[in-house]
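Structural characterization, general
Below, each chain spelled out in residue letters.
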Amino acid sequence: MNDEMRRGYAEAVVQPLPDDLRVVLEDCERRGDIPAIHVDPDVGRLLQLLVMIHRPRRVVEIGTLVGFSTAYLARALPADGRLITIERDPTFAALARDNLARLGLGERVEVRAGDAAEVLDQLGDDPVDLVVIDADKRSYPRYLKWAHGHLRPGGLLIADDAFAFGHVLDREIEDDELRAAVIGVRTYNHVVCNSDDFFTVMLTTAQGLTVSVRR
Ligand SMILES: C[S@@+](CC[C@H](N)C(=O)[O-])C[C@H]1O[C@@H](n2cnc3c(N)ncnc32)[C@H](O)[C@@H]1O
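Keep in mind the model is a prediction, meaning the values are calculated, not measured. (Residues numbered from 1 in each chain as written. Predicted model: local features only at pLDDT ≥ 70, side-chain atom pairs only at ≥ 80, totals over all residues. Heavy atoms only, no water.)

A look at the overall build of the chain
Scanning the chain for helices and strands turns up 8 helices and 7 strands. Scaling as 2.2 N^0.38, a compact globule of 215 residues should have a C-alpha radius of gyration of about 17 Å, and the chain matches this with 17 Å. Principal-axis analysis of the C-alpha atoms gives the chain an extent of 45 × 40 × 30 Å. Here the chain, with 215 residues, has 47% of them falling under the buried criterion. Long-range contacts, defined as pairs at least 24 residues apart, comprise 70% of the intrachain contacts of the chain with a sequence gap of at least 6. About 11400 Å² of surface is accessible on the chain, with carbon and sulfur atoms providing 50% of the total. (Helix = DSSP H or I, 4+ residues; strand = E, 2+ residues; numbered from the N terminus. Rg over C-alpha atoms; globule rule 2.2 N^0.38 Å. Buried < 20%, exposed > 50% of the residue type's maximum accessible area, 1.4 Å probe, protein only. Contact = heavy atoms within 4.5 Å. Areas by Shrake-Rupley, 256 points an atom, 1.4 Å probe, with all protein chains shown as cover.)

Some points on the environment of Arg75
Along the chain, Arg75 turns up in helix H4 (residues 68–75). Setting aside its immediate chain neighbours within four residues, Arg75 contacts Pro18, Asp20, Leu21, Gln48, Leu103, Leu105 and Arg108. At a separation of 2.7 Å, a polar atom in the side chain of Arg75 contacts the side chain of Asp20. (Polar contact = N/O pair within 3.5 Å; in protein donor to acceptor, adjacent residues only side chain to side chain.)

What to know about the packing of helix H7 (residues 140–150) against helix H8 (residues 176–194)
Look at H7 against H8: their axes get within 8 Å of each other, and the N-to-C directions meet at 35°. Of H8, the residues touching H7 (which contributes Tyr140, Pro141 and Leu144) are Gly184, Val185, Thr187, Tyr188, Val191 and Val192. Of the residues belonging to the contact of H7 with H8, the class tally is 7 nonpolar, 2 polar and no charged. (Axes fitted to C-alpha atoms, helices over the stretch in contact; angles between N-to-C directions. Nonpolar A, V, L, I, M, F, W, Y, C, P; charged D, E, K, R; others polar.)

Digging into the packing of aromatic side chains
Each aromatic ring pair is summarised here by two numbers: the centre-to-centre distance and the angle between the ring planes. The full count for this structure, using the stated rule, is 2 aromatic pairs. Look at Tyr140 and Tyr188: their rings are 5.5 Å apart centre to centre, the planes differ by 70°, and that puts the pair in the edge-to-face class. Of the two residues, Tyr140 sits in helix H7 while Tyr188 sits in helix H8, which places them 48 residues apart along the sequence. Across the pair, Tyr188 and Tyr140 agree in class, each one buried. The cationic tip of Arg214 hangs over the ring face of Phe198; the distance from NZ or CZ to the ring centre is 5.8 Å. (Phe/Tyr/Trp six-rings, centres within 6.5 Å; stacked < 30°, edge-to-face > 60°. Lys NZ or Arg CZ within 6 Å of the ring centre and 35° of its normal.)

Here's the deal with helix H2 (residues 19–31)
Counted at 1.5 Å a residue, the expected span for H2 with its 13 residues is 18 Å, and the 19 Å between its end C-alpha atoms agrees. Every buried residue of H2 is accounted for by Leu21, Val24, Leu25 and Cys28. The buried residues of H2 all sit within an arc of 95° when viewed along its axis, so they share a single face. Residues of H2 that are exposed and point over 90 degrees away from its buried face: Asp19 and Arg30. In the stretch just after H2, Gly32 is the one whose phi turns positive, near 80°. (Expected span 1.5 Å × (residues − 1). Arc of directions from axis to C-beta.)

Remarks on the layout of surface pockets
Roughly 780 Å³ of volume is contained in the largest pocket. Taken together, 33 residues make up the lining of the largest pocket; nearest its centre are Ile37, Asp134, Ala135, Asp136 and Lys137. Elements that contribute at least two residues to the lining of the largest pocket include exactly H4, strand S2 (82–87) and H8. Considering each element in turn, the lining of the largest pocket owes the most residues, 3 residues, to H8. (1 Å grid on protein atoms, 1.4 Å probe; cavity = no way out; pocket = protein on both sides within 12 Å on 5 of 7 lines; lining within 4 Å. Points joined across faces, edges and corners; volume = space filled by probe spheres on them.)

Re the side chain of Thr64
For Thr64, the position within the fold is in the loop between strand S1 (58–62) and H4. At a separation of 3.1 Å, a polar atom in the side chain of Thr64 contacts the main-chain carbonyl oxygen of Ile86. In contact with Thr64, not counting residues within four places along its chain, are Thr70, Thr85, Ile86, Glu87 and Ala96.

Notes on empty space enclosed by the protein
If you walk through the whole model with that rule in mind, you get 3 cavities of 30 Å³ or more. Approximately 70 Å³ is the volume found for the largest cavity. Together, Leu25, Cys28, Glu29, Ile34, Pro35, Ala36, His38, Leu65 and Val66 line the largest cavity. Tallied by class, the residues present in the lining of the largest cavity amount to 7 nonpolar, 1 polar and 1 charged. There is about 50 Å³ of room inside the second largest cavity.

Examining the site of the ligand
Near the ligand there are 20 residues, and of these Val39, Ser69, Glu87, Ala116 and Asp134 occur at the shortest range. Note that a nitrogen atom of the ligand is positioned 2.8 Å from one of the side-chain N or O atoms of Ser69. Contact between the ligand and Glu87: an oxygen atom at 2.6 Å from a side-chain N or O atom of the residue. Relative to its unbound accessible surface of 600 Å², the ligand loses 93% to contact with the protein. In this structure the site holding the ligand corresponds to the largest pocket. Only H4 and S2 provide two or more residues apiece to the shell around the ligand. Class assignment of the residues belonging to the shell around the ligand gives a composition of 9 nonpolar, 5 polar and 6 charged. (Near = heavy atom within 4 Å. Sits in = over half its atoms within 2 Å of the grid points.)

Following this line, the structure appears as structure tokens:
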């Protein structure tokens, strides 16, 4: 059984993409101007499961796109749970607001449009129960630093794209932007996996997912 067969089987059995989310996703795809860079449905479902177990009341997501991962996270929140999700692109942020409202999740989620570093600075010092990172890879170390300072003990930290689009092992990278992204991801992985303040697993999903608990 190869990886593709394993994934195909798991997807057929679990069916990780619910119908309402499928419709929203298809509507976005039809626009033709939204990159298909959302988490895979199996990762979305894993996020939902982790929220069900962890029951966070204060969640910060960095990198919304049109709210696909946000929807998985938000629908598992406890009744008093709230999620702030940050998106740099105002068009994507507006679409995410619409999508989340369509899915009945508008009340639980606040979509903040702006650069994550600036928005994070404005969030204040209240402790956070869960941080999900899926934005510009070069800034992952910066987001880790913020999470380190704001996650409560026992809080959960999740970062997507642990394999840096399949380039994490590359030695020579000509493209400057890609090199910065890969260095960002490598640095994040190295720091979080070697920190005494986090307990981390790296899941070998298609894109790689690091899941850490703040000790
Ligand atoms: C991989 S997509 C997020 C996908 C989303 N988490 C999902 O699975 O549905 C990354 C998003 O981060 C946004 N982004 C990139 N750099 C950012 C920054 N500095 N601040 C806020 N958002 C940023 C991009 O515009 C893009 O929409």
